[in-house]
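The residues making up each chain are set out below.
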Amino acid sequence: AQTVTQSQPEMSVQEAETVTLSCTYDTSESDYYLFWYKQPPSRQMILVIRQEAYKQQNATENRFSVNFQKAAKSFSLKISDSQLGDAAMYFCAYRSWDNYGQNFVFGPGTRLSVLP
Amino acid sequence: SQTIHQWPATLVQPVGSPLSLECTVEGTSNPNLYWYRQAAGRGLQLLFYSVGIGQISSEVPQNLSASRPQDRQFILSSKKLLLSDSGFYLCAWSIKPHRSGVNQPQHFGDGTRLSIL
């Protein structure tokens, strides 16, 4: 079974600075998808960024980018120019490709604080 | 566009009472549907998922059950709530994957905060 690990339960960053959240996963599959979700205090789960395993190019969404290292099974999230609104729990998630695609696995989350 | 509705937003129930949380999806057909539970400050625990009407898979043996009476409706139920059932419940949907390479994330409802007294 796949597992997702986020080794940093809590992180903090100064406003306007850059922070990197780590995520590693364990799988024997070659085709899969990876995601980062953000959960602010409102507890809505918001998709931040996504990555297909077959793509070597790292995904980027505005201030958010990932460093995807397939061989190392690592999928870190970099937030540039951090803003107060970035404060939230961040979850790394893995989805395997199969006929039904029901297999989503979430990491335990990293709580990010943004300091003014 | 697709939307997901989950209700109620907040629920306070006594121990031993029944439960029914409902989730509906609009704007898509034949989605995968999921129920998660999240304890305060913790990660997501997958409770149930469904790939079609009447098809329910349980991930964690517990006091809860799920049903999918219609294609875009997913219901989480309990006959008798326990204190340990307290938490934040999230419904989610996704389209089924295919080899087009289009990424397939999950999309979440706003959640139900359940408190058991």
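What comes next concerns the included structure. Every value quoted in this text rests on a predicted model; they were computed, and no experiment measured them.

### As for the interface of chain A and chain B
Phase 1 of the analysis: Listed per partner, the contact involves 26 residues of chain A and 29 residues of chain B.
Phase 2 of the analysis: Both sides of the chain A and chain B interface together cover about 2300 Å² of buried area, and 52% of this is carbon and sulfur.
Phase 3 of the analysis: Counting every contact that joins chain A to chain B gives 0 salt bridges.
Phase 4 of the analysis: The interface formed by chain A and chain B holds 6 residue pairs in polar contact (both at pLDDT 80 or more) in total.
Phase 5 of the analysis: Elements with a minimum of two residues in the side of chain A that touches chain B: β5 (32–39), β6 (46–52), β10 (88–96) and β11 (104–106) of chain A.
Phase 6 of the analysis: Broken down by class, the residue content of the side of chain A that touches chain B amounts to 13 nonpolar, 6 polar and 7 charged.

### A word on the state of the cysteines
Phase 1 of the analysis: Under the definition given, this model contains 2 disulfides over all chains.
Phase 2 of the analysis: Disulfide pairing is shown between Cys 23 of chain A and Cys 92 of chain A; the S-S distance is 2.0 Å. Where Cys 23 of chain A bonds to Cys 92 of chain A through sulfur, the torsion about that S-S bond is close to -70°, and the disulfide is left-handed. Highlighted residues: Cys 23 of chain A in the loop between β3 (19–21) and β4 (24–26) and Cys 92 of chain A in strand β10, separated in sequence by 69 residues. Both residues of the pair, Cys 23 of chain A and Cys 92 of chain A, count as buried.
Phase 3 of the analysis: Cys 23 of chain B shares a disulfide with Cys 91 of chain B; S-S distance 2.0 Å. Between Cys 23 of chain B and Cys 91 of chain B, the disulfide has an S-S torsion of -80° and is therefore left-handed. One end of the pair, Cys 23 of chain B, is in strand β3 (residues 19–26); the other, Cys 91 of chain B, is in strand β9 (residues 87–94), with 68 residues separating them in the sequence.
Phase 4 of the analysis: Cys 23 of chain B gets classed as buried once you look at its relative accessible area, which sits at 1%.
Phase 5 of the analysis: By relative accessible area, which is 0% here, Cys 91 of chain B ends up buried.

### What to know about the layout of surface pockets
Phase 1 of the analysis: Of the voids in this model, the largest pocket is the one considered here, and its volume is about 250 Å³.
Phase 2 of the analysis: If you go around the largest pocket, you meet 15 residues; those closest to its centre are Phe 104 and Val 105 of chain A together with Leu 44, Gln 45 and Leu 46 of chain B.
Phase 3 of the analysis: Secondary-structure elements contributing two or more residues to the lining of the largest pocket are β11 of chain A together with β5 (44–52) of chain B.
Phase 4 of the analysis: A total of 4 residues in the lining of the largest pocket trace back to one element, the largest contributor, which is β5 of chain B.
Phase 5 of the analysis: Split by residue class, the lining of the largest pocket holds 9 nonpolar, 5 polar and 1 charged.
Phase 6 of the analysis: In this structure, the second largest pocket occupies an estimated 160 Å³ of space.
Phase 7 of the analysis: Forming the walls of the second largest pocket are Gln 39, Pro 40, Pro 41, Arg 43, Ala 87, Ala 88, Met 89, Arg 111 and Leu 112 of chain A together with Gln 38, Gly 41 and Arg 42 of chain B.

### Section: the pattern of salt bridges
Phase 1 of the analysis: Applying the stated rule across the entire model yields 5 salt bridges over all chains.
Phase 2 of the analysis: Residue Glu 52 of chain A is joined to Lys 55 of chain A by a salt bridge in which the shortest nitrogen-to-oxygen separation is 3.6 Å.
Phase 3 of the analysis: The exposure class assigned to Lys 55 of chain A is partly exposed, which follows from its relative accessible area of 37%.
Phase 4 of the analysis: Residues Asp 71 of chain B and Arg 68 of chain B are paired through a salt bridge, measuring 3.2 Å at the closest nitrogen-oxygen approach.

### Some points on the pairing of β5 of chain A
Residue and element names in this part refer to chain A.
Phase 1 of the analysis: In terms of residue burial, β5 counts as a mostly covered element, since 8 of its 8 residues are buried.
Phase 2 of the analysis: The sheet contact formed by β5 and β10 spans 8 bridges and is antiparallel. Pairing of Lys 38 across the sheet is with Tyr 90, part of β10.
Phase 3 of the analysis: In terms of strand pairing, β5 meets β6 through 6 bridges, oriented antiparallel. Opposite Leu 34, over in β6, you have Gln 51 as the bridge partner.
Phase 4 of the analysis: Turn length for the β5-β6 hairpin, with the two strands adjacent in sequence and antiparallel, is 6 residues, and the turn residue Arg 43 shows positive phi of about 75°.

Here is what the cut-offs are and how they apply
Residues numbered from 1 in each chain as written. Chains lettered and ligands numbered in written order. Predicted model: local features only at pLDDT ≥ 70, side-chain atom pairs only at ≥ 80, totals over all residues. Heavy atoms only, no water. Contact = heavy atoms within 4.5 Å. Buried area = accessible area lost by both parts, 1.4 Å probe. Salt bridge = Lys/Arg side-chain N within 4 Å of Asp/Glu carboxyl O. Polar contact = N/O pair within 3.5 Å; in protein donor to acceptor, adjacent residues only side chain to side chain. Helix = DSSP H or I, 4+ residues; strand = E, 2+ residues; numbered from the N terminus. Nonpolar A, V, L, I, M, F, W, Y, C, P; charged D, E, K, R; others polar. Disulfide = S-S within 2.5 Å. Buried < 20%, exposed > 50% of the residue type's maximum accessible area, 1.4 Å probe, protein only. 1 Å grid on protein atoms, 1.4 Å probe; cavity = no way out; pocket = protein on both sides within 12 Å on 5 of 7 lines; lining within 4 Å. Points joined across faces, edges and corners; volume = space filled by probe spheres on them. Pairing = 2+ DSSP bridges.

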